[in-house]
Each structure stands twice: as C-alpha cells, then as structure tokens.
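Per-entry structural report
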Amino acid sequence: VFSVLGHQAKHSGMDLSEVGSGPGLAFIAFGEGLTLLAPNTLWAILFFLMLLSLGIGSMFGGVEGILTSMEDIRPFSNYKRRTNMALVSGSSFLIGLSMVTQGGQYVVELFDYFVGTLPLLIIAFCEVVTVVHVYGLKNFCQEIKAITGRSPPLFFRISWKYTAPTFIVFVVVGSIVFEAIEPPTYTAYVDYATLSKSFPVWAILVGTVLLIITVSPIPAMAYIHRPSDWRQRLKDYLKTCGRSSAYTLPKYDSFDTADSGTQRYSGL
C-alpha cells in the first residue's frame, strides 16, 4: 500500500494525502501501480479478485445479521429463509443501483457520512447498555462461565460496564458538536479536479432521515416488547445505582444435552 502511494506521489509530484483516498485509492492509484508490475495482467486479476472476495465476505456478515434479526420478529418469522433472503438482497440491490449512476459517488458519500459513523456508535452504545445494565453484567458473566467454565477477567467487566459506554458517549457527543460547528462536506469532481464542498440543506435533511431510520428500530422494538412492570424494574435499578439488573436469571451451573439433541441450561 505505502510503496504504491509513495511511488505515485513521487511520480506525479503531488502530496501523499492527495494521491488517492476512498474508492480512488483502490480503483485509480492501485490500478496505475499494478500496471508497473510484471506481469501486470496477472497482478491486476489477483488484485481485483481480492477486492471481489473481500466485498462478498463483508456482505455475508451483513446479510446474516439482518436475516437473524428478521427471523425473530413477525411477519418475517413466518416466511421461509429464502424469502427473507430475497427481500434483503432485492432491497439492497435496488438501493445499490443509485450508487452506480453518474452521480453515484455522491450517494455513497451521503450514506457513508450519515449512516456509517454516528448510527454505528449509537447501536454499539445500546448493545452495551442492554447487555450490561438491562440483562445484567452478573447474568452475562454467569452465561459465559456456564459455557466456557470461567468468568470473564475483571478488565473486561470494567470495560463493559464503565469504560466502553463512557467513551462511546464522549465520541457521540463530540461528533454531534463537531458537525454542528463544522458543516459536513463532500468531495466534488469538477473538470477533472476534486473540490471540497458543503452538503446542501436538502442533502443534510435526507441524511438525517437515513440516520433516524437506521436507529429507530431500537426504541420501537424496546417499546413493543417492554415488560408490563418495566417502570417498577427501572425504579429498582435506579435505587441500587446499577448494582442490580432488570432481568433475573435462573441459577444454573453448566450445559447439558437435551433428549432432542439441542443444548439447554441445567436448572432452566
């Protein structure tokens, strides 16, 4: 990577930061660098096969995560897996078509700026809070001990309960403040030159809607599946300053195998 970028910077007389970044790094800078290697055709084939396998591998993880979540809720839980897979793949394909048009690069930057940063931090924060403070750190450690035979080290328990949520909150607040002070920008291509321009107001509104759509299932599902006594549980949790959890896990020590061949916890 750095050898190709260094060669391109020296050959073109440009600064290293201006040689290539984002998609231009993979498809322009490296494309030119591969032509200088012998045999260049072989290296080009291997390089783009690597990009293809990398993209397919990333999509497997993303699609599986969506399918697993869909299969836990109705009406998708009543559909066959191939039907849910067709829905996810078809909708992703239709959204992706907008990114291969003449202005597709701007759509990619819009999604990357508003969907690929802040929503991920919010989702990570909700995951940590749900597991550690709703389900309970003690219950979670008990689960891990039943599976692995030992509890997580103290470092991980402190990180899950205090360090990770605190740092995520600081990053989220800092990102919001930075975006409020410094308006979001995108890279515009004008006469074969790149210019940094601010997003128009309508693009910021579209990006905000995309951000809300990304994180809205979290409060929606929390409200739909809320327990009847959630207010009392919340009061008890706040009274103990987080020492207890909102969920009580039945006691068990280890896994055992059920007659049906599936695994279950002893004591449940």
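Worth saying up front: this structure is predicted, and the values here are computed from it rather than measured. (Residues numbered from 1 in each chain as written. Predicted model: local features only at pLDDT ≥ 70, side-chain atom pairs only at ≥ 80, totals over all residues. Heavy atoms only, no water.)

Relative to the elements of secondary structure, Ser159 occurs in helix α8 (residues 154-181). Leaving out residues up to four positions away in the same chain, Ser159 has contacts with Ala164 and Pro165. (Helix = DSSP H or I, 4+ residues; strand = E, 2+ residues; numbered from the N terminus. Contact = heavy atoms within 4.5 Å.)

On to the environment of Val209, then. Examined against the element boundaries, Val209 turns out to sit in helix α9 (residues 201-215). Relative accessible area serves as the criterion here: at 46%, Val209 is assigned to the partly exposed category. Along the chain, Val209 and Val115 lie 94 residues apart, while their C-alpha atoms are 9.9 Å from each other. (Buried < 20%, exposed > 50% of the residue type's maximum accessible area, 1.4 Å probe, protein only.)

Within this structure, the stated rule accounts for one salt bridge. Across the salt bridge formed by Arg81 and Glu64, the nearest N and O atoms sit 2.7 Å from each other. Remark: Glu64 occurs in helix α4 (residues 40-70) and Arg81 occurs in helix α5 (residues 81-97); sequence separation between them is 17 residues. (Salt bridge = Lys/Arg side-chain N within 4 Å of Asp/Glu carboxyl O.)

This part takes up helix α7 (residues 118-148). For an α-helix, the turn length of 3.6 residues means that residues three or four places apart are oriented alike. Between its first and last C-alpha, α7 extends only 34 Å over 31 residues, short of the 45 Å set by a 1.5 Å rise per residue. When the local axis directions of α7 are compared, the greatest deviation, roughly 105 degrees, occurs at Gly136. Regarding α7, the residues found buried are Leu118, Pro119, Val128, Val132, His133, Gly136, Leu137, Asn139, Cys141, Glu143 and Ala146. Phi turns positive one or two residues past the end of α7, at Gly149, with a value near 90 degrees. (Expected span 1.5 Å × (residues − 1). Bend = angle between axes of the 7 residues up to and from the residue.)

Assignment of secondary structure puts Glu182 in the loop between α8 and β1 (185-190). Residue classification places Glu182 among the partly exposed positions, given a relative accessible area of 43%. Taking C-alpha positions, Glu182 is 9.5 Å from Ser198, a pair spaced 16 residues apart along the chain.

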